[in-house]
Every structure is written in structure tokens, then in C-alpha cells.
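Read off the chains here:
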Amino acid sequence: MGQACVHCGEDCGKHPINRDEKPFCCHGCSTVFQILNEKNLKQYYEIEKMPGVKVETQDVGEKYAFLDLEDIKSKLLDFSDGGVSKISLFIPTIHCASCIWLLENLSTLNDGIIYSTVNFPKKEVHITFKEESISLRKVVELLSSIHYRPEITLDKLEKKGEGKSNKSLLIKLGLTGFVLMNVMMYNFPEYLPGGELLESDFRRLFGWLSLILSIPVIVYSSNDYYLSAIKSLKHKIISIDLPIAIGIITLFLQSAYDIISNTGTGYLDSLAGLVFFLLIGKWYQGKTYQALSFERDYKSYFPVAVTKIENQKEIIIPLNELEKGDRILVRNQELITADSTIVKGTGNIDYSFVTGESMPIDKKTGEFVFAGGRQVGSALELEVSKEVEQSYLTQLWNQEKSTNKYDSRINNIINKVSQYFTIIILVIAIGAGIFWLFIDKTIAIYVFTSILIIACPCALALTVPFTFGSTIRQFGRKGLYLKRAEVIEQLNKIDTIIFDKTGTITQNKAMKAEFIGEDLSDDLIKSIKSLVRHSTHPLSAALFLNLPGDDFYPIDNFKEIPGLGISGEINGQKINIGSKKFITGKADAEKGLKTEVYVFFNNNILGYYQLENQYRPELKEVISKLSAKFNLHLLTGDNEAEKANLLPLFSQEQNLHFNQTPTDKLNYIKKLKTKNKKVLMVGDGLNDAGALTESDVGITIADDIYLFSPACDAILESSKFGQLNNFIRFTRSSLNVVKISFVISFLYNIGGLYFAIQGLLTPVIAAILMPISSISVVAFATASIAFLAKRKLG
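Note that the coordinates shown come from a computational prediction; the quantities given were computed from them, not determined experimentally.

1. Some remarks on the confidence of the model for the chain
When pLDDT is averaged across the chain, the result is 78; 76% of the residues are at 70 or more. Note that residues 46–58 has pLDDT below 50 and, in this model, 52 contacts with residues that lie over four places away or in other chains. Across residues 292–303, confidence stays below pLDDT 50; counting only partners more than four residues off in sequence or on other chains, it has 45 contacts.

2. Here's the deal with the pairing of strand β10 (residues 340–344)
Summarising the sheet, β10 and strand β13 (residues 368–369) pair through two bridges and their orientation is antiparallel. Across the sheet, serine 340 pairs through a bridge with valine 369, a residue of β13. Direction of pairing for β10 relative to strand β15 (residues 380–384): antiparallel, over a ladder of four bridges. In the strand pairing of β15, serine 340 is matched with valine 384.

3. What to know about the side chain of asparagine 576
On the secondary structure map, asparagine 576 appears in strand β21 (residues 573–578). Apart from residues no more than four positions distant in its own chain, asparagine 576 is found in contact with Ile566, Ser567, Gly568, Phe582, Ile583, Tyr598, Val599 and Phe600.

4. Observations regarding a positive patch on the surface
On the surface, Lys629, Arg729, Arg732, Lys739, Arg791 and Lys792 cluster together into a positively charged patch. Its place among the elements puts arginine 729 in helix α27 (residues 724–757).

5. Considerations on the pattern of salt bridges
Counted by the stated rule, this structure contains 19 salt bridges. As a salt-bridge pair, lysine 138 and glutamate 141 come within 3.7 Å of each other at their nearest N and O atoms. With lysine 138 and glutamate 141 both in helix α6 (residues 136–145) and three residues apart, this pair spans about one turn of that helix. A single network of salt bridges, built from pairs that share partners, joins Glu314, Arg327, Arg331, Glu334, Lys344, Glu381 and Arg533.

6. Some details on the pairing of strand β22 (residues 594–601)
Most of β22 sits inside the fold, with seven of its eight residues counted as buried. Sheet topology note: the β21/β22 ladder contains four bridges and is antiparallel. By the bridge assignment, glycine 578 is partnered in β22 with tyrosine 598. When β22 meets strand β23 (residues 604–612), the two strands line up antiparallel, connected through eight bridges. From the neighbouring strand, lysine 594 faces β23, where its bridge partner is glutamate 612. Here β22 hands over to β23 after two residues, with asparagine 602 in that stretch at a positive phi of 55°.

7. Observations regarding the side chain of threonine 636
Along the polypeptide, threonine 636 turns up in the loop between β24 (631–635) and α24 (643–650). Sequence-distant contacts of threonine 636, that is, excluding residues within four places in its chain, are made with Asp500, Lys501, His657, Phe658, Asn659, Gln660 and Lys665.

8. Some details on the sheet that holds β22
Strand order in the open sheet formed by six strands is β18-β23-β22-β21-β20-β19, and the pairing between neighbours is antiparallel. Among the strands making up the open sheet, the edge pair consists of β18 (513–517) and β19 (556–561). Direction aside, neighbouring strands of the sheet carry axes that sit 15° apart on average. Bridge count for β18 against β23 is five bridges, and the pairing is antiparallel. Bridging from a neighbouring strand, alanine 513 pairs with leucine 611 of β23. Here helix α20 (residues 522–532) sits on the sheet and contacts β19, β20 (565–570), β21, β22 and β23; the angle it forms with β21, its principal contact strand, is near 65°. This element, helix α21 (residues 538–546), spans β18, β20, β21, β22 and β23 of the sheet and lies at about 95° to β23.

9. Some remarks on the packing of aromatic side chains
In this structure the tally under the stated criterion is eleven aromatic pairs. An aromatic cluster is defined as three or more aromatic residues linked by ring pairs; in this entry it consists of Phe79, Phe368 and Phe370. Positioned above the aromatic ring of phenylalanine 544 is the side chain of lysine 529, whose terminal nitrogen or guanidinium carbon lies 4.6 Å from the ring centre. Between arginine 533 and the ring centre of phenylalanine 552, over which it is positioned, the NZ or CZ distance is 4.4 Å.

10. Looking at the sheet that holds strand β17 (residues 496–499)
Read from one edge to the other, the open sheet built from seven strands follows the order β16-β28-β27-β26-β17-β24-β25, with strand pairing classed as mixed. Here the strands that pair on one side only, and so sit at the sheet edges, are β16 (480–482) and β25 (656–657).

11. Considerations on helix α25 (residues 662–674)
The end-to-end C-alpha distance of α25 is 19 Å, a good match for the 18 Å that 13 residues give at a rise of 1.5 Å each. Regarding α25, the residues found buried are Lys665, Tyr668, Ile669 and Leu672. Each buried residue of α25 sits inside an arc of 95° when the element is viewed along its axis, so together they form one side. Projecting away from the buried face of α25 at angles above 90 degrees are the exposed residues Lys671 and Thr674. Packing partners of the buried residues in α25 comprise β17, β24, β25, β26 (679–683) and α26 (689–694). One or two residues past the end of α25 sits asparagine 676, with phi positive at roughly 65°.

12. Overview of the packing of helix α17 (residues 441–454) against α27
In the contact formed by α17 and α27, the axes pass within 9 Å of each other and the chain directions differ by 175°. It follows that α17 is roughly antiparallel to α27 by the angle criterion. In contact with Val447, Ser450, Ile451 and Ile454 of α17, α27 contributes Tyr748, Asn749, Gly752, Leu753, Ala756 and Ile757. Partitioned by chemical class, the residues of the contact of α17 with α27 number seven nonpolar, three polar and no charged.

Criteria and cut-off values
- Once a new chain begins, its residue numbering starts again from 1 and follows that chain's sequence as written.
- Reporting in this predicted model follows two pLDDT cut-offs: at least 70 for local features of residues, and 80 or more for side-chain atom pairs to be given and counted; totals over whole chains, interfaces and linings ignore these cut-offs and use all residues.
- Hydrogens and water are ignored here; the side-chain numbers use all heavy atoms of the structure.
- You can read pLDDT as the predictor saying how much it trusts each residue, on a scale of 0 to 100.
- Here, residues are in contact when the closest pair of their heavy atoms is within 4.5 Å.
- For two strands to be treated as a pair, DSSP must find no fewer than two bridges joining them.
- Runs of H or I in DSSP of at least four residues are treated as helices and runs of E of at least two as strands, each being numbered from the N terminus.
- Patch criteria: residues need more than 30% relative accessible area and no salt bridge. Like-charged residues are merged within 9 Å; nonpolar side chains of Val, Leu, Ile, Met, Phe, Trp and Tyr are merged within 5 Å.
- Accessibility throughout is a Shrake-Rupley quantity obtained with a 1.4 Å probe, and a residue counts as covered only by protein chains that appear here.
- Just to be clear on terms, a salt bridge is a Lys or Arg side-chain nitrogen sitting within 4 Å of an Asp or Glu carboxyl oxygen.
- For the purpose of charge, His is not counted, nor are the chain termini; Lys and Arg are scored as positive and Asp and Glu as negative.
- To locate a charge, the coordinates of NZ of Lys, CZ of Arg, CG of Asp or CD of Glu are taken.
- The rule is simple: take the accessible area with a 1.4 Å probe, protein chains only, and divide by the maximum for that residue type; under 20% is buried, over 50% is exposed, in between is partly exposed.
- The axes are straight lines fitted to the C-alpha atoms, using for helices just the contacting stretch, and the angles between their N-to-C directions are given from 0 to 180°.
- A pair of Phe, Tyr and Trp rings is counted when the ring centres sit within 6.5 Å of each other, with Trp represented by its six-membered ring. The angle between the planes then sorts it: under 30 degrees is stacked, over 60 is edge-to-face, the rest tilted.
- Two thresholds decide whether a charge sits over a ring: the Lys NZ or Arg CZ must be within 6 Å of the ring centre and within 35 degrees of the ring normal.
- In this analysis, the expected span of each helix is defined as 1.5 Å times one less than the number of residues it contains.
- What the arc measures is the spread of directions leading from the helix axis to the C-beta atoms.
- Each angle receives one of four descriptions, namely roughly parallel if under 35 degrees, roughly antiparallel if over 145, roughly perpendicular if within 65 to 115, and oblique otherwise.
- Three classes are used: nonpolar for Ala, Val, Leu, Ile, Met, Phe, Trp, Tyr, Cys and Pro, charged for Asp, Glu, Lys and Arg, and polar for all others, with Gly counted as polar.

Structure, rendered in C-alpha cells:
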């Protein structure tokens, strides 16, 4: 064999193409290497050796010219506004860590690409780009130039593509089942005493009929195993499909030899049974994954609610009840939950949640806005123009530029074990096969194929996703909604917990407001309520609930300054509402349990509302339980008025910090992390976005008006605040279930090998036991988590 291509690993033949003293099999591979080298992306070749795919040299030419057509673009793009667009592309050649690394660094190849993320299980890349710098056509041509050619289809828009792979699997299953029944019928005499008395002509005829019927099984029904094994071998990887493919081919070749040479009837019944039960196992796994929705395409995953305007009144409804044509209210900093048209108000839409670009885009009445945008400014009235897809919001929530926050030690261990597992099994199968070959050729074939089939790391690989998937589902039923499965492992590592105060350990709806100052006319009360209606801050929400009336003035020049207050204009008159420092310029300490919210109108300070802080009734018990194991801190933007009341709860005075800005909170968490602390931040998601992102785990407390914060890793319903300690403790139970599942998986493999090596298992029995091992692990994980959740979470 000649030299191996540096890019793809293929044989370069007698005349390799040399560039920089490195051999390449073709000009295509050489070109890709040159592009990556010029853009300083050599790390692509360091993550895995020879990670590329052989490039078929082809001039793209006008192949993708159709992507310049507006009609086509509008159907393909997930988002396009303000010169920024986003698209999801299916790329079947994604196969390894190098692929992921390169595709998530596309911005290095072209400055017009803002960022890109890869969904490896779906082989999808999500790309956000600036249209003035690079067009959709150029994006696709860039991908083709480094040999990641996307399969572009409009099927997903017409929902024609759903279920194609499942349909193919069912066809294979039906075909193999038909062959199995007929081959077993032809071999029926062999199963009975005296079967050897059957005339040789009949035996030979049945053998040939079985061989002919088995050809579709070996060529079509089993092709996924061959393709997976070949693709892996090309990249110097031994996949779990390799031993299965070897076992299938061995059985067929030996059977074909026996029938053609008239020395026996072969093992075609075992072959058909093997493939049939393997396909059943694959179908079952697929169905189970769909049931647990691990790809997060849930109809209703986390509790996003919206404010619907109906008969001039504002009502709160769950997102899944929203319909096309409904009118909704979106306040300052609230998420636009459905593609809509602006009916009233001026939009200042921040699409950073969707595109990563934080520059707001101005929108006027009658203009279209995309789901996922966030209004910055006065409240908007929108009319829903497209069917709501919560799975889209869930996908955005899962969108991460960096996955360092979610590094999983358990998954790393499983990947290493699986990497060497198959090699060890191949060695055992070959050794046992050779040993039995000297004793009994028939048993040798059974031993060799049974070992290859029975010993499979599938059960091991399924342990974590199914255990954590079941935990996510149980948490969701109890009121805690996790962003992704890895958060469970991160929660178990926590040693420090930081609480925000307003809206987190206090409850907004229970606040009672009393005005101290000048008598307020009905018109002034209407003005105050009109202004606070535009804000989502807990104190604004509390004032809004306390003030009478359902009629509002339009607000101009609305602004909200984090930690200080809100301002706007009504009929040209200035109105400010907020802290004493914001209104008067003085920051005297407040006393007692009451928070003061000052009102400034038409150049006069009218007075202030006193809102009595009502702590959550479960707070004392929650803090008591958490303090036994965790180091607790409080960071709040409020002053020290309640320090004396909070000190008995948090015990350590140095852990109570008041007058904290969002930046102060962020820096405080950074400081703790430099001391190797594992930090959980619990906040309201408003002024805590930076702190929630910086912490190892960020949890948002959600009241009746659910304010969805993309920065958080989990959302906890406020009514379930008392369960916080139980949720954290339950993560240890989940990890214990994972460990026990590991043991079950290993015991299954050791037990299976014990019987297979002795020749006590046929390939068919091995094929039946293989999916049973996966089923047993899935059943154990699901049942255990359900049982433990009932006991520990109520």
C-alpha cells in the first residue's frame, strides 16, 4: 500500500499529489488542506488523524445559483431581518470531532459568518450570517469547497420528509420477517427427529431456495451495518456495527459454501433471524428516543406563557393555547413567542437570542417580527401571523456558542470504554473461533458470530441519555425545566448557591402597595399604571396588580434602567418611577420590610409607594436545608434595609451583599469560580442574565407571568421553590441509577460472553438477547427514576 492522504486517509497510489511535502490522493483534498492551512485552522488535523472525507473534484459553477432566488431563500431561511439571516443545513458527511470543530469555526473562513453550531446526532449545522458580506449561495459554496456539501431540500417546509427513515426500516423489517418465515419453513425438517431421512434432492432444493431468498436480506436489509462499518474504517475508527457486519457476512458465506458444495444446509435461518431481531432492536430504540423527545422537539417543554388581549382585557395563557390571529402584549425585555405583525407601538427588536447580534432593529406598525426577538422599550401589541412552534424556542434555548459549561465526565468515560470495547470483542471472537475450529467447525461458526452479536456496548451507551432523559421528564412534571441533560451532572457538583432577592426569595403577587405623599387623582393613577405596564420588573408587576383600571395611555420614549427605574412620556409630560436615588439623587437607607418606589411626574416628586416585601413562605425551610450542605450567598440590587431580617437566614454577614449592579453580580461569581467553587445562581432572569450565564448552573424563578430568560440553564416554577433542595439532591439519585445501569450492562456482556464462548448460544438467541439488554437498561433507568421521583419529589 502507498502513502495515506493527509486529509482523508485514502491510498494516494503510485503518483501522489505533494504540497508542502505532504501527500494527497487528489487535487480536491489538497485544496481543502490549503484553505484550512491559510486560515490557520490546522487544529482540524490535530483533533483526529486524517479526519476528512475524500473530495470528489467538481466545479460548483452555477449549481447553487437557485439560492439567489428570493422565493427559494425565503422558504429555506429560518430567520432573516436587519441584514442578518440564519439557516439550518443537513450535512451527511459530518462524522467526527474534527468535523464539528471545523464547522463551528466557519467564521474564521469568512468574516460574514457570525457563528455556527452543529447538532451532531441530526448531522445539522445552524449558520448565522450577514447578508451584506456573504449570501446564502456563497455560504453553501463555502461549505462545498471544504467538502461539507449540504443536502438542500424544501421537503421540511411541506413536511414530506418526516418518517422516511422509519418507513425504510419498516420495509426492511417486513422483508426480513417474510424471508425468516419461509427459510424456517424450508428448514423445518431439520428441526425434527428423523429430518436426515428427507431425500437429498429436496434438501438441496430447499437449501437453494433459502439462499436465493436470503440475498435481499444480506444486500438490502443489512446494508446500514456495512455502510457504517466501512465509513468508520475509512477514518481509522472501529464502530460497534463492525462486529455485527462481520457476523452477518460470515454466516452468509459459510451457508453459501455449504449449499453450493452440497455439504450441508447452512445457517440461513439463523442469519434471517439475526437480522430480523437486530432490526427490531433498532426500531425499538428509535421509538423510545421519540417518546422521551431527547432532541427537545416538545409540544410544551417549558412554561412559556403570553399576555393575550381579549375584549380589551389582558389575560395570561400558556403558549400552546395561542392561535393565529390572536393579539398579544409584549413588554420591555419580553420575548416575542410567535411570528407576528405589529398592531400598536414601535418595535426595537433585539434578535441576539436568534442571531447572536445584539444591535436592536427598529420596527413600525404593520411590520413583521420573528419569534425569538426581544422587545427593548415600550410595550407592543402584536397579531400572531404564524402557527406557534415552541420547539423553535426550545432549539434557540439549547443553542450554545460554547459547550465548555456542559463538559460531561460520565460521557467522556463512556466514549473511552466504547472506543476499546469493540476491539476487545473482535479479539475474543477470533480467538474463540480458532479454538473451536479444531474441535467442531459448526460450533466454531456459532461461537464466532454469537460473540460478535451478544457483546455490544449499546446498553452502556444508552444508560446516560435514558436515565437523564427520564430525570428531565420527571423534573418537568414537578415544575423544574432543564435546558439540557448535562445540567443534571452539573447540579450534582454544586457547592455554592447564590440567591437574588426581589422576585426570587420574595413573591410579587403578595406585595401590597400604599402611597405616601400627595393625593393621586384617577388620571395620575392611570398614568402610573400605563407606565409600569411596559416593564417586567417584579416591582412594576406588583404595582400593576395593585392599581385599578384597564384603560391605558400611550407611552413615548420608554426607557428602563436596570437597578434604578423606568421613565417615559405621556402627552409630552415626563414620568419617572423607581428608586429614591433614581428620582431624588439621594440614596438614604430604607427601614423595615418595605421597599419604596418613588414617582416623579411633570417636574414634581409626588411621593412614593411602599411595597411590603413578602418572603416566600417556604424560604426559611429551604435555606435551613440548603445551608447544611452548601455555602449560601445573597446578591441584591436593594439597599441594606432588610439586612437584619436576612442575617438569621444566611448566618454569615460577609455573604450578604446589597446595592449590587448586574456587573457586580457577574464579577462576584467570577471571583468565586477562581477559588474553584461550583456555583448555582438562582435569580429572576431580569438583571441577572450575566450572572446566570457565568455560573455553573443558572436557575430562573418563574411566577405566573413567565419571563423566559435564555441565559438560564433551568426554569423553576415559583410554586415549587420549596422543592429546590429536593431537586438538587435528586441529581445524586440519577447518577446512582447511571452507575447501577453500568453494572447491569457489564454483567450482561460478561454473562453473554461466558455462554457464547462455550458454544451454548446460537446467533439467533444472541440477536434476541442483544436488544433485550438495551430494553432492560432502558426499563430499569425509566422505572427507577419514576419510583425515586415519587418517593423524593412527591
